[in-house]
Amino acid sequence: LDGFAQLRTQHDTLGEAEVVAAYQHAHETLVQSVTRHELQHRFDYREGTFESAPAALTGTLLPLDAGAALDANERVIVAELSAYCAAMADGPLTKTELALLTRHVLGLGEARRQEARAAGFLLSELDTALFPREPILGDRPLHHAARAERLLGQPTARLRSTLRTLWERWFGRALPRMRPAR
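Residues numbered from 1 in each chain as written. Predicted model: local features only at pLDDT ≥ 70, side-chain atom pairs only at ≥ 80, totals over all residues. Heavy atoms only, no water.

### Re the environment of Thr96
- Its location among the elements puts Thr96 in helix H4 (residues 94–106).
- Taking the relative accessible area as the measure of exposure, Thr96 reaches 37% and is therefore partly exposed.
- The sequence separation of Thr96 and Ser33 amounts to 63 residues, and the corresponding C-alpha distance is 9.3 Å. (Helix = DSSP H or I, 4+ residues; strand = E, 2+ residues; numbered from the N terminus. Buried < 20%, exposed > 50% of the residue type's maximum accessible area, 1.4 Å probe, protein only.)

In structure tokens:
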């Protein structure tokens, strides 16, 4: 068959120990990142984070008064903001998570409306925090893409530190660090 020899060569290459080890490392790192995101959801629900509007998110992300009850849509927006921000601040794939979140606000792939609202807010707030003298203003896809490009060029440690500060300001407590159980 045409291409069979090439397929056999590629199969042999993909089976090499170094390639398998690299794949397993990438897979485990992605699983850790998703786990961090999902654990934040569980923590937030346990702590009652979504029962009422956090004061620092009212008038900006949420058109509500502080302490007002959140409807189902607003709960999802706040939940995704918390989980994405926490996973980027405390997880292994800060820039990958940032790029994945940006997809939602740009309408790429299977973008979801609530994640898009959370993404737009997070990108704007992170950009303003890191570049207070020259924030990118506007709420169009072009503005979000420009923010994402600029943010992805920042050192990971700087992003993580700023994301942690933002999360703690928005939710009024220390961001819990997730560590594997022993």
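### Quick notes on the pattern of salt bridges
- Applying the stated criterion across every chain, the model contains ten salt bridges.
- Residue Asp90 is joined to Arg164 by a salt bridge in which the shortest nitrogen-to-oxygen separation is 3.6 Å. Residue Asp90 is found in helix H3 (residues 72–90), and its partner Arg164 is found in helix H7 (residues 156–171); the two are separated by 74 residues along the sequence.
- We classify Asp90 as buried; its relative accessible area is 13%.
- Put simply, Asp127 and Arg150 hold a salt bridge, and the shortest N to O gap is 2.7 Å. With a gap of 23 residues between them, Asp127 in helix H5 (residues 113–130) and Arg150 in helix H6 (residues 141–152) connect regions that are remote in the sequence. (Salt bridge = Lys/Arg side-chain N within 4 Å of Asp/Glu carboxyl O.)

### Let's talk about the environment of Ala72
- Relative to the helices and strands, Ala72 is located in helix H3.
- On the basis of relative accessibility, which here comes to 53%, the residue Ala72 falls in the exposed class.
- For the pair Ala72 and Phe50, spaced 22 residues apart in sequence, the C-alpha separation works out to 9.4 Å.

### A closer look at the side chain of Glu74
- As for its placement among the helices and strands, Glu74 is situated in helix H3.
- No salt bridge is formed by the buried Glu74; its nearest oppositely charged neighbour, Arg117, is found at 6.6 Å.
- Not counting the four nearest positions on each side in its chain, Glu74 is found in contact with Leu62, Leu64 and Ala69. (Lys, Arg positive; Asp, Glu negative; His and termini not counted. Contact = heavy atoms within 4.5 Å.)

### Points about the packing of H4 against H5
- Direction vectors running N to C along H4 and H5 enclose 120°, while the axes themselves pass 7 Å from each other. In terms of their interaxial angle, H4 and H5 are classed as oblique. H4 and H5 meet at a crossing whose hand is left-handed. Of the residues in H5, those touching H4 at Leu98, Leu101, Thr102, His104 and Val105 are Glu115, Ala116, Ala119, Gly120, Leu122 and Leu123.
- Broken down by class, the residue content of the contact of H4 with H5 amounts to seven nonpolar, three polar and one charged. (Axes fitted to C-alpha atoms, helices over the stretch in contact; angles between N-to-C directions. Parallel < 35°, antiparallel > 145°, perpendicular 65-115°, else oblique. Left-handed = near helix turned anticlockwise from the far one by under 90°. Nonpolar A, V, L, I, M, F, W, Y, C, P; charged D, E, K, R; others polar.)

### Focus: the packing of aromatic side chains
- Under the counting rule described, the total for this entry stands at three aromatic pairs.
- Between Tyr45 and Phe50, the aromatic rings sit 4.7 Å apart at their centres with planes inclined by 65°, giving edge-to-face as the arrangement.
- Of the residues examined, Tyr45 reaches a relative accessible area of 48% and is grouped as partly exposed.
- Ring centres 5.2 Å apart and planes at 45° place the aromatic pair Phe121 and Trp170 in the tilted group. Highlighted residues: Phe121 in helix H5 and Trp170 in helix H7, separated in sequence by 49 residues.
- Under the relative-accessibility criterion, Phe121 is labelled buried at 10%.
- Taking relative accessible area as the criterion, Trp170 reaches 2% and is therefore assigned buried.
- For the cation-ring pair, Arg150 lies above Phe131, with the distance from its terminal atom to the ring centre recorded as 3.9 Å.
- The residue whose ring lies beneath Arg158 is Phe131, and the NZ or CZ to ring-centre distance is 5.8 Å. (Phe/Tyr/Trp six-rings, centres within 6.5 Å; stacked < 30°, edge-to-face > 60°. Lys NZ or Arg CZ within 6 Å of the ring centre and 35° of its normal.)

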